[in-house]
Amino acid sequence: MYAGHFAAGLAIKGRVPDAPTWGLLAGVGALDILFGPFVLAGIERASLTPGVSPGFSLDYIDWSHSLLMSIVWSLAFAALFIRRGRTVAVAMGVAVFSHFVLDVVVHPADMALWPNASVHLGLGLWRVWPKGWWFVELAVVAAGVSYYWKRSLDDRSFGARAWAVALVVLLLHILNSPWLKPL
């Protein structure tokens, strides 16, 4: 789920207009941003799995994506924004944690409760419904960008191009379609 994460960030922006959009979008991607360097450092592992959405298997993602570490990363990210006020800081923490919540829906049971835990979470929508997950994420995208766009019309502090931001997120989702073949 990629565009769905961004849509969640935009929905949070709709709820907390004072929160910086760039911060929310970085926040919803923070666990994946951590995952890349963790793989390069050998802390976490991923392997290519052709024909299986999303195209790779997440063999070990406990330090970036476990429930406990998601809470830790959420609190750390929120702390970076505490000078902007409690409401903004909480919004930033929620943005990071929303990544875990949305990933539990699509990931197979590879979302540990804590690093090296034997218990893992995940509904496995990617595997259970290999192409249907796209429609579930479309619903998340539609809900998130719709709320953001509506709030932008009510509160002009969002800027005049909220429609363009919503369109970009929708296009990202379309480009992530399981029916489009990579070039």
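Higher on the page you've got the structure.
Draft legend 1. Expanded view of the packing of aromatic side chains. Inspection of the entire model under this criterion finds 7 aromatic pairs. For the ring pair Phe135 and Trp179, a centre distance of 5.6 Å and an interplane angle of 55° mean the geometry is tilted. Taken together, the residues span a long stretch of sequence, with Phe135 in helix H7 (residues 133–154) and Trp179 in the segment after helix H8 (162–175) at a distance of 44 residues. Residue Phe135 is classed as partly exposed on the basis of its relative accessible area of 44%.

Draft legend 2. Broad picture of the side chain of Ser177. Inspection of the secondary structure assignment puts Ser177 in the segment after H8. Accessibility expressed as a relative area gives 11% for Ser177, which makes it buried. In terms of polar contacts, Ser177 uses its side chain to reach the backbone amide nitrogen of Trp179, at 3.0 Å.

Draft legend 3. Examining the packing of helix H4 (residues 67–79) against helix H5 (residues 86–106) more closely. As a packed pair, H4 and H5 sit with axes 8 Å apart at the nearest point and diverge in direction by 155°. One element, H4, and the other, H5, form an angle in the roughly antiparallel class. Along this stretch, H4 crosses H5, giving a crossing that reads as right-handed. Taking contact as the criterion, the partners of Leu67, Ser70, Ile71, Trp73, Ser74, Phe77 and Ala78 in H4 are, on H5, Ala89, Met92, Gly93, Val96, Phe97 and Phe100. Of the residues contributing to the contact of H4 with H5, the split by class is 10 nonpolar, 3 polar and no charged.

Draft legend 4. Inspection of the environment of Val169 at higher detail. Along the chain, Val169 turns up in helix H8. For Val169, a relative accessible area of 5% gives the class buried. Sequence separation between Val169 and Asp155 is 14 residues, and the spatial gap between their C-alpha atoms is 20 Å. Beyond its immediate stretch of four places on either side in the chain, Val169 contacts Ala3, Phe6, Ala7, Leu10, Val141 and Val145.

Draft legend 5. Region of the structure containing unusual backbone geometry. At Asn116, a position not held by glycine, the phi torsion is positive, near 70°. With respect to the helices and strands, the residue Asn116 is situated in the loop between strand S3 (111–112) and strand S4 (120–121).

Draft legend 6. Structural context of the nonpolar core. Ranked by size, the top nonpolar core spans 19 residues in total, and within it Ala19, Leu24, Val88, Ala91 and Met92 carry the most contacts. At the level of secondary structure, the elements contributing two or more residues to this core comprise helix H2 (21–40) and H5. Broken down by element, this core gets its largest block of residues, 7 residues, from H5. Leaving out residues up to four positions away in the same chain, Val88 has contacts with Val16, Asp18, Ala19, Pro20 and Phe81.

Cut-offs and rules
Residues numbered from 1 in each chain as written. Predicted model: local features only at pLDDT ≥ 70, side-chain atom pairs only at ≥ 80, totals over all residues. Heavy atoms only, no water. Phe/Tyr/Trp six-rings, centres within 6.5 Å; stacked < 30°, edge-to-face > 60°. Helix = DSSP H or I, 4+ residues; strand = E, 2+ residues; numbered from the N terminus. Buried < 20%, exposed > 50% of the residue type's maximum accessible area, 1.4 Å probe, protein only. Polar contact = N/O pair within 3.5 Å; in protein donor to acceptor, adjacent residues only side chain to side chain. Axes fitted to C-alpha atoms, helices over the stretch in contact; angles between N-to-C directions. Parallel < 35°, antiparallel > 145°, perpendicular 65-115°, else oblique. Left-handed = near helix turned anticlockwise from the far one by under 90°. Contact = heavy atoms within 4.5 Å. Nonpolar A, V, L, I, M, F, W, Y, C, P; charged D, E, K, R; others polar. Core = buried A, V, L, I, M, F, W, Y, C linked by side-chain atoms within 4.5 Å.

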